[in-house]
Protein chains: 2
Amino acid sequence: MGRRSDHSREQIARMALEAARRIVREEGLGALTARRVAGAIGYSPGTLYLVFNNLDGLIMQLNAGTLDELFALLRRAAESGDGGRASIRALARGYVGFSLEHARLWGAVYEHRLPVGEQVPPWLQTRIERLVGLVETPLRELAPERDADQVRLAANALWSGIHGACILHLSGSLEKTRGGSPLEIADSLVDHYLRGFCGT
Amino acid sequence: MGRRSDHSREQIARMALEAARRIVREEGLGALTARRVAGAIGYSPGTLYLVFNNLDGLIMQLNAGTLDELFALLRRAAESGDGGRASIRALARGYVGFSLEHARLWGAVYEHRLPVGEQVPPWLQTRIERLVGLVETPLRELAPERDADQVRLAANALWSGIHGACILHLSGSLEKTRGGSPLEIADSLVDHYLRGFCGT
DNA sequence: TGTTTTTTTGAACGTCGTTCAGGTTTTGCG
DNA sequence: CGCAAAACCTGAACGACGTTCAAAAAAACA
């Protein structure tokens, strides 16, 4: 078959990402192959390579979408609180909830590995950093006496902790028996860390 | 070629794991293939399957060895402290140090994914849980008034935090600029969490 | 209409994990 | 020692993977 012009390049990209999203959501990143995505949108594998550099590019765009969704959720969560401790707790719970509800899509963000030597593109890196930034605002309110570097460090520490709880849960590495759900772990981290960070 | 009997099955397994270790240490898990391991030990790919169920089995045995090394290191670290806060700090720093020094071997433990439906075998699961257990002993000393479940939760929380810091660093997801090294993040987590956990 | 341009294909390449019929060497036995 | 039986190891083969690109086909243009 030759030229069809049924869809523009942008349309094909959108369709491919949509199909990829469905595959990853239902079967995980391991089930995502170029042939499957192509088949799902009624095009041949070669066509995908007119739209994406390679599968890694497709996956990174998929992950960018997932991170955008997560960002929107967390921004709402942060605004729902009163701006201090409640916001941070809401952020933590929002992150845990997202990682549980969209486990495979969220997992794909951290499961995917670039070939050695390749760098995470800035437009994806930015989306990750933007997330950690959400913690800084309420942290600043909560501990006005701390300088920017200390707040940044605390935000990274809290973020690492919540993230670690989620990822250890996803990989099944955390003890299931009496070990605490990721939600309990996240709450514990936030409560005790904050109590230590700003003496309250 | 036919029967050789140059090495016993156990010897072949040891040689294969040694070769796999070198490959992963130098080039990462992505460079590990059955053909490469087989070639490195002077056997054909088929022979590997007489010794391991499949590549996943080889990788999990490799990871078990890595976790054993980590456990030995952390046990020494915990004993070096006075048993309380210093031990926990030493554990955190030991974990971070290991993850940095043996980045690719350590990363392989968490990068490797079983095919869907497969479970992590108990002999590997045990090695992971044993690690978190190392945190509980000094935690108990530090907060004698807490019951076992609370100590367990705190150990999991601290472990998740340290682990999260390391894995975000490895994947390059943490801001490099003024974000704090994994060591700083780990110290911050331990110090502030412990101050909140046992009011000191 | 014929010609050019654009778009899409799908066979092909090299790689992967994995299998297994068959060849080769050792072993056991008379 | 000779010869069958057993044990061991090979390597070609299979299907699937990411990726490429000559060529076919359709659209656009003349």
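Residues numbered from 1 in each chain as written. Chains lettered and ligands numbered in written order. Predicted model: local features only at pLDDT ≥ 70, side-chain atom pairs only at ≥ 80, totals over all residues. Heavy atoms only, no water.

- The name given to chain A in an unreviewed UniProt entry is TetR/AcrR family transcriptional regulator, with Candidatus Sedimenticola endophacoides as the source organism.

### A word on the overall build of chain A
Working step 1: When its secondary structure is counted, chain A shows nine helices and zero strands.
Working step 2: Beginning at the N terminus, the succession of helices and strands in chain A can be written as α-α-α-α-α-α-α-α-α.
Working step 3: In terms of its C-alpha atoms, chain A occupies a principal-axis envelope of roughly 70 × 40 × 35 Å.
Working step 4: Out of the 200 residues in chain A, the part that is buried amounts to 50%.
Working step 5: By element, 50% of the accessible surface of chain A is carried by carbon and sulfur atoms, the whole surface being about 9400 Å².
Working step 6: Averaged over its 24 positive side-chain charges, chain A has a centre that lies 5 Å from the centre of its 23 negative ones. (Helix = DSSP H or I, 4+ residues; strand = E, 2+ residues; numbered from the N terminus. Buried < 20%, exposed > 50% of the residue type's maximum accessible area, 1.4 Å probe, protein only. Areas by Shrake-Rupley, 256 points an atom, 1.4 Å probe, with all protein chains shown as cover. Lys, Arg positive; Asp, Glu negative; His and termini not counted. Charge placed at Lys NZ, Arg CZ, Asp CG, Glu CD.)

### Overview of the packing of aromatic side chains
Working step 1: This model, assessed by the stated rule, comprises eight aromatic pairs over all chains.
Working step 2: One aromatic cluster is present, built from ring pairs that chain together Tyr-95, Trp-106, Tyr-110 and Trp-159 of chain A.
Working step 3: Seen from the ring of Phe-71 of chain B, Arg-130 of chain B lies directly overhead, with NZ or CZ sitting 3.9 Å from the centre. (Phe/Tyr/Trp six-rings, centres within 6.5 Å; stacked < 30°, edge-to-face > 60°. Lys NZ or Arg CZ within 6 Å of the ring centre and 35° of its normal.)

### So, the environment of Gly-199 of chain B
Residues and elements named next belong to chain B.
Working step 1: Along the polypeptide, Gly-199 turns up in the segment after helix H9 (182–197).
Working step 2: On the basis of relative accessible area, Gly-199 is assigned to the exposed category, the value being 78%.
Working step 3: Between the C-alpha atoms of Gly-199 and Ala-143, which are 56 residues apart in sequence, the distance is 9.0 Å.

### Re the interface of chain B and chain A
Working step 1: Of the residues lining the interface, 40 residues belong to chain B; the matching set on chain A comes to 40 residues.
Working step 2: Between chain B and chain A, roughly 3700 Å² of surface is buried when both sides are summed, and carbon and sulfur atoms account for 55% of that area.
Working step 3: Across the chain B-chain A interface, the total number found is two salt bridges.
Working step 4: Note that Glu-111 of chain A and Arg-113 of chain B form a salt bridge whose closest N and O atoms lie 3.7 Å from each other.
Working step 5: Counting every contact that joins chain B to chain A gives eight residue pairs in polar contact (both at pLDDT 80 or more).
Working step 6: Looking at which element gives the most residues to the side of chain B that touches chain A, the answer is helix H8 (residues 148–170) of chain B, with 13 residues.
Working step 7: Looking at the side of chain B that touches chain A residue by residue, the classes come out as 14 nonpolar, 14 polar and twelve charged. (Contact = heavy atoms within 4.5 Å. Buried area = accessible area lost by both parts, 1.4 Å probe. Salt bridge = Lys/Arg side-chain N within 4 Å of Asp/Glu carboxyl O. Polar contact = N/O pair within 3.5 Å; in protein donor to acceptor, adjacent residues only side chain to side chain. Nonpolar A, V, L, I, M, F, W, Y, C, P; charged D, E, K, R; others polar.)

### Remarks on the UniProt feature "domain: HTH tetR-type" (unreviewed entry) in chain A
Working step 1: Those places that UniProt annotates as "domain: HTH tetR-type" (unreviewed entry) correspond, in this numbering, to residues 10–70 of chain A.
Working step 2: In residues 10–70 of chain A, helix accounts for 79% and strand for 0%; the two terminal C-alpha atoms are 24 Å from one another. (UniProt positions renumbered as here; feature names shortened; annotations may be inferred.)

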